[in-house]
Amino acid sequence: GKILFMFATNRPDLLDSALKRDGRCDTRVALLPYNAEDLAKICPVAFVQYPDMKSDIKDWLSYTKRCEGYSGANIIEVVRRAWVYAKRNGREAIGQKDMEWALADYIPQRADEIENARSALYAILNCSSNSLMPPNWEEIQDDCEQILTRGRGPLLADVVAVAASKDDPQGANN
């Protein structure tokens, strides 16, 4: 029979280089942080997790544009907090006032801009096929490189050096 292994990590730089050599993992896919449009599609998922929750909001994008760097769990927590706030104030459904309050109140635990850029760039540099990349990957790569080089010289060089050495951990080809 065939054996299939799947790995998922938000820190591919910490994986043993033996796991990353060609032939060990046939396909590497870049999973990049969510953008505002992705987060807007995730908001309705909260209503599946919390069936009693209702909402009058039709355009989630107007809220998720302010949630750069949020994970899916972060945005669902914002929606949940908006619902709690609405219920506390006698409303049966989440409205604009509730979402505004939840966005102002919630402080997500998340990586800083440099860590997010480093992780996204590393994912792009380690993807095994252009066909598996998101459509705007080049734009994301440019944005990450700008963040990492903005007065922080060696960070980009470190990320690129680690990605380049993934198949040659001992530097035999140098």
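Residues numbered from 1 in each chain as written. Predicted model: local features only at pLDDT ≥ 70, side-chain atom pairs only at ≥ 80, totals over all residues. Heavy atoms only, no water.

K.L.:
So what's going on with the pattern of salt bridges? Which residues, and what values?
P.N.:
Summed over all chains, the structure comprises 6 salt bridges. Salt-bridge contacts for Glu-92 lead to Lys-87; the nearest nitrogen and oxygen are separated by 3.5 Å. The partly exposed category is assigned to Lys-87, whose relative accessible area is 41%. (Salt bridge = Lys/Arg side-chain N within 4 Å of Asp/Glu carboxyl O. Buried < 20%, exposed > 50% of the residue type's maximum accessible area, 1.4 Å probe, protein only.)

K.L.:
Describe a negative patch on the surface, naming the residues involved and giving the relevant values.
P.N.:
A grouping of Glu-138, Glu-139, Asp-142 and Asp-143 is seen on the molecular surface, where their side chains present a negatively charged patch. Residue placement: Glu-138 occurs in helix H8 (residues 137-149). (Patch = residues over 30% accessible without salt bridge, like charges linked within 9 Å, V, L, I, M, F, W, Y side chains within 5 Å. Areas by Shrake-Rupley, 256 points an atom, 1.4 Å probe, with all protein chains shown as cover. Lys, Arg positive; Asp, Glu negative; His and termini not counted. Charge placed at Lys NZ, Arg CZ, Asp CG, Glu CD. Helix = DSSP H or I, 4+ residues; strand = E, 2+ residues; numbered from the N terminus.)

K.L.:
Now, about the packing of helix H7 (residues 113-126) against H8: what can you tell me, with residues and values included?
P.N.:
Packing of H7 against H8 brings their axes to within 9 Å, and their N-to-C directions diverge by 135°. In this view, H7 runs oblique relative to H8, as classed from their interaxial angle. The interaxial crossing formed by H7 with H8 has left-handed handedness. Between H7, through Glu-113, Ile-114, Ala-117, Arg-118, Ala-120, Leu-121, Ile-124 and Leu-125, and H8, the contact on the second element is made entirely by Trp-137, Ile-140, Gln-141, Cys-144, Glu-145, Ile-147 and Leu-148. Split by residue class, the contact of H7 with H8 holds 11 nonpolar, 1 polar and 3 charged. (Axes fitted to C-alpha atoms, helices over the stretch in contact; angles between N-to-C directions. Parallel < 35°, antiparallel > 145°, perpendicular 65-115°, else oblique. Left-handed = near helix turned anticlockwise from the far one by under 90°. Contact = heavy atoms within 4.5 Å. Nonpolar A, V, L, I, M, F, W, Y, C, P; charged D, E, K, R; others polar.)

K.L.:
Describe the packing of helix H5 (residues 72-88) against helix H6 (residues 96-105), naming the residues involved and giving the relevant values.
P.N.:
Between two packed helices, the angle of one axis relative to the other and the distance separating the axes together describe the packing. Their axes nearest at 8 Å, the elements H5 and H6 cross at an angle of 125°. When the axis of H5 is compared with that of H6, the two are oblique. Along this stretch, H5 crosses H6, giving a crossing that reads as right-handed. In contact with Val-78, Val-79, Arg-81, Ala-82, Tyr-85 and Ala-86 of H5, H6 contributes Lys-97, Asp-98, Met-99, Trp-101, Ala-102, Leu-103 and Asp-105. Residues that form the contact of H5 with H6 fall into these classes: 9 nonpolar, no polar and 4 charged.

Functional significance is not addressed by these values, which are geometric in nature.
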